[in-house]
Amino acid sequence: MTTVTLEFADNLAIIDINNPPINATSHAVRSGVMDALASIRQNPAVTAIILCCTGTTFIAGADISEFNQPARAPLLPDVIIALEDMPVPVIAALHGTVLGGGLEVALGCHYRIAHPATRLGFPEVNLGLIPGAGGTVRTPRLIGVENAISLISNGKPITASIALDWGLIDHITKSDTNLQQAAIEYARKVATQPCPTPLAKRNIPDTKQPDWDSLIAKTAQKARGATAPIIAVETIRDQFALSADQALANERQQFVTLREGEQSQALRHIFMAERNVAKLPTTQGVTPTPIKTIGIVGGGLMGAGIATACLLAGYQTIMIERDEAALAKGRENVASHLQGSLKRGIISQERNDQLLSQLHGNTDYAALAPAELVIEAVFEDLEVKKSVFDAVARVVDSTAIIASNTSYLDINALAHSISNPERVIGLHFFSPAHIMKLLEVVCTDGANPQTLATALAFARKLGKIAVPTGVCDGFIGNRIMSAYRKQCEYMIEDGAYPEQIDAAMTDFGFPMGLFAMQDMAGLEISWKTRQRQAATRDPNERYVALGDYLCEQGRFGRKTGLGWFRYDTAKSAPQPDPDVKRLIEQESARKGIKRRDFSPSEIIQTILATMQQEGDKILNEGVAHTADAIDVVMINGYGFPRWRGGPMFMKTKSPVSS
Ligand code: 3H9
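Residues numbered from 1 in each chain as written. Predicted model: local features only at pLDDT ≥ 70, side-chain atom pairs only at ≥ 80, totals over all residues. Heavy atoms only, no water.

This brings us to the overall build of the protein chain. For the protein chain, the helix and strand inventory stands at 26 helices and 17 strands. For 658 residues, the compact-globule estimate of 2.2 N^0.38 gives 26 Å, and the protein chain sits close to it at 28 Å. Considering only C-alpha atoms, the protein chain reaches an extent of 90 × 60 × 45 Å along its principal axes. The proportion of buried residues among the 658 residues of the protein chain is 53%. For the protein chain, long-range pairs separated by at least 24 residues make up 72% of all intrachain contacts whose partners lie at least 6 apart in sequence. In the form shown here, the protein chain has an accessible surface area of approximately 28,600 Å², with 53% of it arising from carbon and sulfur atoms. In the protein chain, which carries 63 positive and 69 negative side-chain charges, the distance between the mean positions of the two groups comes to 2 Å. (Helix = DSSP H or I, 4+ residues; strand = E, 2+ residues; numbered from the N terminus. Rg over C-alpha atoms; globule rule 2.2 N^0.38 Å. Buried < 20%, exposed > 50% of the residue type's maximum accessible area, 1.4 Å probe, protein only. Contact = heavy atoms within 4.5 Å. Areas by Shrake-Rupley, 256 points an atom, 1.4 Å probe, with all protein chains shown as cover. Lys, Arg positive; Asp, Glu negative; His and termini not counted. Charge placed at Lys NZ, Arg CZ, Asp CG, Glu CD.)

This is the structure we're talking about:
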């Protein structure tokens, strides 16, 4: 396959890039484009050039697999300067996702036309980088400083219509027009006009500069420890004191420094880990069973969230509840989730109504007959779940997959409670299920590759990051969380306070500390679980009863205004409570523990070491297939700071710095 082809037709030159899967600017692309430009320069008949891509997208960025190797010429900034310096206009024909280095290439062209479904952006900050091929210099010169800052520092792509509004592109084609044909027509039109001044030779349009200090402070607060978004804003700011050439050199230097740094390495690690985590040898070459209809048993918080996710992914969805009142509540829950998507602009009112019409409720399990996959999301009790499995197995086809959303129960036991256990799998969604990206796909002992491949394909269709796990108490995420929660409770009895642990965690980069998180989730569910487990608990294991005492006093967390912390209003931040402090100190005294100080660094070291030790056990037992899987779970389900790469990645690097 030739990566870059050049064709001459009627005084036009068409450069076509074909570098699947994302047409990244790999070395072959950069040198191919350079060669094509050199050939075009030899052909005086050419009046305009079209740059386009074969496949599902225009260039979606630099090839990050090359970032770990020495850079090979020609470098992307030089390719873009060569494009910009062509004596005839270059038209970029954009479709798919025009990202990072791809958008920088487009900005090196003199005109940009796009298919209406195109999305454009600079996701570099998500990889711990800033644009490194002129993005911070050319973008403000085209669309002004304010829009450039927003595009570059938050990493989110924009639609073609916003791009047109901002002046980032010049034209949007009709959706049914052939893009290359539209580019040819556009090229013919502009070929007769003088070539526009390259962006790097223009001035920044608006002279009004933002209040940089407050902008940087706001960016830092949002970035929670990640440095790239701040450096992106600073790099845009610094060019006001530089010529365009100096600004390009400064940007490149910042880019290279970031590329070599720990944060970018960590973010690139997790980016690739997320894409590789569900690639299992057992499912290679297995064609997933096609699925059209999903059954969901239970319309509570989880069931309704899962139903919403299924509807949004385009599945016909059947919800089963025990009676009409519960079913009405389940429907109401789904409608309210969809309203949230409507408000966030993810769906239109029309789509909302259409999706609700694809939700079919019933109180009779027989309605599940057409479902190819049924997910139970009922109360966390093995016997209750077994009876649901039994009822489902009686009505669905013998090949239909039956899944449980349990977060810790023994799915092997559930699987063996029905006749053909090879079609049973765990689908552990995280709440809210239609929003959270993580999905643990729990492989039972007997699940066959077909069941697993189908579950993974289903997860991908929902837009989830599916992490295959084995069966154990808590699977990957809850098991690690339960191990480090225990350590945090020990630290509380030994001398730390909840606010100290939470502060150490948020300083490390977690969005919320463990104790505030428990307050938010509500303390009574784990209290009831502990009561159920009391009879079988190892009497020699250290047990911290503080959570029980809180619940005995009716302190169930944020919803009761009191938990590990005090909440004066529904929205107020957690406040340390002197009553809790007293309770903790009394408990330490009762157990004869001499309380001592814990530094933030000791707290974090303890948490991290516990996560890593439990992670090692999980790996040795084969519950997780790779250490990367553990990182993907902790980052996407438990708030572990993404820019640190995950606990197992950190283990391979230097000891933690808090
Ligand atoms: C940059 O551009 C820096 C410049 O400013 C300066 C340079 C000097 N490289 O996500 P998917 C692979 S930084 C290499 O499942 P989707 C991925 O591993 C870059 N490979 O598909 C997977 O491989 P496989 C700025 C990459 O349809 C396959 O492509 N750009 C890269 O759900 C499909 O990926 C970005 O950050 C890459 N950059 O989503 C864009 N990207 O088939 C990052 C993907 O073997 N990429 N792969 O499993 C994305 O956001 C999504 O991949 C995209 C497609 C939206 C493009």
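With burial as the criterion, each face of strand 14 (residues 401–404) is covered, one bearing I401 and A403 and the other bearing I402 and S404. Judged from the 4 bridges that link them, strand 13 (residues 373–376) and strand 14 form a sheet pairing that is parallel. Bridging from a neighbouring strand, L373 pairs with I401 of strand 14. A crossover links strand 13 with its parallel partner strand 14, the connecting element being helix 15 (residues 382–395), and its sense is right-handed. Where strand 14 meets strand 15 (residues 424–429), 3 bridges bridge the pair, whose relative direction is parallel. In the strand pairing of strand 15, A403 is matched with I425. (Pairing = 2+ DSSP bridges. Right-handed = clockwise from strand over helix to strand, strands pointing away.)

For the rest of this paragraph, the subject is the domain arrangement of the protein chain. Each assigned domain of the protein chain is listed with its residue range as follows: domain 1 (4–260), domain 2 (284–469) and domain 3 (477–622). The straight-line distance from the C-alpha centre of domain 1 to that of domain 3 is 48 Å. (Domains from an automatic or database assignment.)

Its location among the elements puts K385 in helix 15. For K385, a relative accessible area of 1% gives the class buried. For K385, the contacting residues outside a window of four places in its chain are E376, V378, F379, E380, S404, T406, L409 and L414.

This part takes up the sheet that holds strand 5 (residues 97–99). Reading across from one edge, 5-7-8 is the order of the 3 strands in this open sheet, with mixed pairing throughout. Whereas interior strands pair on both sides, the edge strands pair on one side only; in this sheet they are strand 5 and strand 8 (158–159). Bridge count for strand 7 (residues 119–121) against strand 8 is 2 bridges, and the pairing is antiparallel. Within the sheet, the bridge partner assigned to R119 lies in strand 8 and is T159. Contacts between helix 3 (residues 101–108) and the sheet are confined to strand 5 and strand 7, with strand 5 contributing the most and set at about 85° to the helix. (Axes fitted to C-alpha atoms, helices over the stretch in contact; angles between N-to-C directions.)

Among the 24 residues in the neighbourhood of the ligand, the closest are listed as A62, E104, E124, R275 and K279. At 2.8 Å from an oxygen atom of the ligand is found a main-chain nitrogen or oxygen belonging to A62. In this structure, an oxygen atom belonging to the ligand sits 2.7 Å away from a side-chain N or O atom of E104. Sorting the residues of the shell around the ligand by element identifies strand 5, helix 3, helix 10 (244–260) and helix 11 (262–276) as the ones contributing at least two each. Counting residues per element, the shell around the ligand draws most heavily on helix 11, which supplies 3 residues. Class assignment for the residues of the shell around the ligand results in 12 nonpolar, 5 polar and 7 charged. (Near = heavy atom within 4 Å. Polar contact = N/O pair within 3.5 Å; in protein donor to acceptor, adjacent residues only side chain to side chain. Nonpolar A, V, L, I, M, F, W, Y, C, P; charged D, E, K, R; others polar.)

This part covers the packing of aromatic side chains. This model, assessed by the stated rule, comprises 10 aromatic pairs. For the ring pair F67 and F255, a centre distance of 5.9 Å and an interplane angle of 80° mean the geometry is edge-to-face. Here the residue F67 occupies a position in the loop between strand 3 (48–53) and helix 2 (76–84), and F255 occupies one in helix 10, the gap between them amounting to 188 residues. What makes F67 buried here is its relative accessible area of 12%. Summarising the aromatic geometry, the rings of F510 and F640 are spaced 5.6 Å apart at their centres and angled 80° between planes, so their arrangement reads as edge-to-face. Of this pair, F510 sits in the loop between helix 19 (498–508) and helix 20 (514–521) while F640 sits in the loop between helix 25 (627–637) and helix 26 (647–652); the two residues are 130 residues apart in sequence, bridging distant segments of the chain. Each member of the pair, F510 as well as F640, carries the same accessibility label: buried. (Phe/Tyr/Trp six-rings, centres within 6.5 Å; stacked < 30°, edge-to-face > 60°.)

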